[in-house]
Amino acid sequence: MTGFPTGLLFDDALAIVREVAAQHRLENETLALSRTHGRVLAAELRAPLALPPFDNSAMDGFAVRHADLRDAQVSLHLAGEQYAGRAFGIQVGEGECVRITTGAPMPAGADTVVIKENAQSEGDRIVVPGETSFGANVRKAGEDVAVGDLVLHAGQMLTPPRVSLAASLGVPSLAVARKPTVAVFTSGDELVEPGLSLAPGEIYDSNRELLMGLLRADGLEPTAWPRLPDDPRAVEIALRDAACAFDLVITCGAVSAGEKDHIPAVLEQFGQIHFWKVRMKPGMPLLFGSMDQARVLGLPGNPVSVFATYLSLGRALVDGLQGRSEPRAVERAQLVAPIDKAHPRREFMRAQVFCDDHGVLRADPNPAVGSHRLRAVADSNALIVVPDGPQRLAAGEVVEVLRYA
Ligand SMILES: Nc1nc2c(c(=O)[nH]1)N[C@H]1C(S)=C(S)[C@@H](COP(=O)(O)OP(=O)(O)OC[C@H]3O[C@@H](n4cnc5c(N)ncnc54)[C@H](O)[C@@H]3O)O[C@H]1N2
Ligand code: MOO
């Protein structure tokens, strides 16, 4: 098998994933706001109106003319009431005030609000303190957003505040990238569904739950396919079937050098390999290609390899297919203990990340070695990204961390 890059540096693999994803960016769809949460925005949004749309009161109280507040105590005639809702068109004249509630439009003539707690009612007169600053408790039209402001950018993830901002501008729907449909395969004759009994040599399938959970946490609705047996014909039929119906096919296992590792050959014969094998640990045998209408990500079978390759590269593929240009947050933490790495591959090392008493983010590496040791992932909350090349990192050095819990 030749004709494709192999043994790549992690960054080169990431660049290929991003490039292929960009070439297969999914089409847009316009959705009602309530369905856009967690989606990637496909077109910028400019404000069709100002926020606030009109001058309004920030507090419950009385709208007054600041020019009337000449003495320590001022008695004003109560000319009307303006509650939050339609503007009544009240005019506040000299020596007058209007009862007002939070969010109510400022009546014409008034420029300042005296809060209710500082005013006294005396029949149809209201006594207010003169020491109120001009414009107090008034929220000015456009102070948050001006008409025409660029408020949301294409490629941004729609967080609840962003969807809410669109709602506050009266926008009922947004163009977003379609979410990739994903088929998830586990493979191996040794695998058994939890709940069934194990014969000697068999183990329970843990990767399916791992992958389904990771994908769901990223807002996708993956489909779990029946487990693949270690049979090349069955692998071929299932992958070709999925590849013509899904945007993304994710497999785990059967991508390294064993006699039963059929996925690379099937991908090469019926599709195209973009790369195979990345200089990373765990996850070295990672396979990436295309088949029919699908991108195919062949994750190595060891559970920690599945986890690290999905978080570091699989997620970049999912983001890229949706045109997400907003980078995910990069976090850094100080090492609690030294790391001595002799091999040249980039390593993703399990760790507990916490904020210490001085507000410093710290990472305590988990000593577990081996990509079969899933428990150490469950006990940890982050992966430390140990850079390419042999590394001797002292305690206190700053490393990049990928937090997942
Ligand atoms: N001669 C070589 N042997 C191996 C190499 C290599 O380069 N040359 N690479 C090693 C590395 S690194 C990894 S990682 C694994 C990856 O192998 P595969 O992707 O072919 O995966 P399998 O052999 O099918 O499985 C590996 C391991 O993971 C267990 N597994 C698989 N699927 C599941 C699942 N759904 N749930 C739980 N556990 C699963 C499987 O039983 C194996 O123990 O290869 C090394 N070998
Ligand atoms: O690189 Mo493999 O993914 O460690 O066990």
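If you check an unreviewed UniProt entry, the protein appears there as Molybdopterin molybdenumtransferase from Lysobacter niastensis. Here is the UniProt Catalytic activity (unreviewed entry) comment for the protein, exactly as written: "adenylyl-molybdopterin + molybdate = Mo-molybdopterin + AMP + H(+)". As stated in UniProt under Cofactor (unreviewed entry), the record for the protein gives "Mg(2+)".

Here we take up the environment of Pro338. On the secondary structure map, Pro338 appears in the loop between strand E22 (331-335) and strand E23 (339-341). The class of Pro338 is exposed, set by a relative accessible area of 59%. Between the C-alpha atom of Pro338 and that of Ala395, which follows or precedes it by 57 residues, the distance is 4.5 Å. Look past the residues within four positions of Pro338 in its chain and what remains in contact with it is Leu393, Ala394 and Ala395.

Moving on: the site of ligand 2. Around ligand 2, the neighbouring residues are Pro282, Gly283, Met284, Asn302, Ser305, Arg345 and Ser371. For ligand 2, an oxygen atom lies 3.2 Å from a polar atom in the backbone of Met284. Partitioning the shell around ligand 2 into residue classes produces two nonpolar, four polar and one charged.

This paragraph deals with the packing of aromatic side chains. Applying the stated criterion across every chain yields a total of six aromatic pairs. Measuring from ring centre to ring centre gives 5.7 Å for Trp225 and Phe246, while their planes differ by 70 degrees; the resulting arrangement is edge-to-face. One end of the pair, Trp225, is in the loop between strand E17 (223-224) and helix H4 (232-243); the other, Phe246, is in the loop between H4 and strand E18 (248-252), and 21 residues separate them in sequence. Ring centres of Phe307 and Tyr404 lie 4.6 Å apart, and the angle between their planes is 85 degrees; on these two criteria the pair is classed as edge-to-face. Taken as a pair, Phe307 in helix H6 (residues 303-321) and Tyr404 in the segment after strand E28 (398-403) lie far apart in primary sequence, 97 residues in all. When its relative accessible area of 24% is taken as the criterion, Tyr404 is described as partly exposed. An aromatic cluster is defined as three or more aromatic residues linked by ring pairs; in this entry it consists of Phe185, Trp225 and Phe246. Positioned above the aromatic ring of Trp276 is the side chain of Lys277, whose terminal nitrogen or guanidinium carbon lies 4.3 Å from the ring centre.

What counts and how
- Residues numbered from 1 in each chain as written.
- Chains lettered and ligands numbered in written order.
- Predicted model: local features only at pLDDT ≥ 70, side-chain atom pairs only at ≥ 80, totals over all residues.
- Heavy atoms only, no water.
- UniProt positions renumbered as here; feature names shortened; annotations may be inferred.
- Helix = DSSP H or I, 4+ residues; strand = E, 2+ residues; numbered from the N terminus.
- Buried < 20%, exposed > 50% of the residue type's maximum accessible area, 1.4 Å probe, protein only.
- Contact = heavy atoms within 4.5 Å.
- Near = heavy atom within 4 Å.
- Polar contact = N/O pair within 3.5 Å; in protein donor to acceptor, adjacent residues only side chain to side chain.
- Nonpolar A, V, L, I, M, F, W, Y, C, P; charged D, E, K, R; others polar.
- Phe/Tyr/Trp six-rings, centres within 6.5 Å; stacked < 30°, edge-to-face > 60°.
- Lys NZ or Arg CZ within 6 Å of the ring centre and 35° of its normal.

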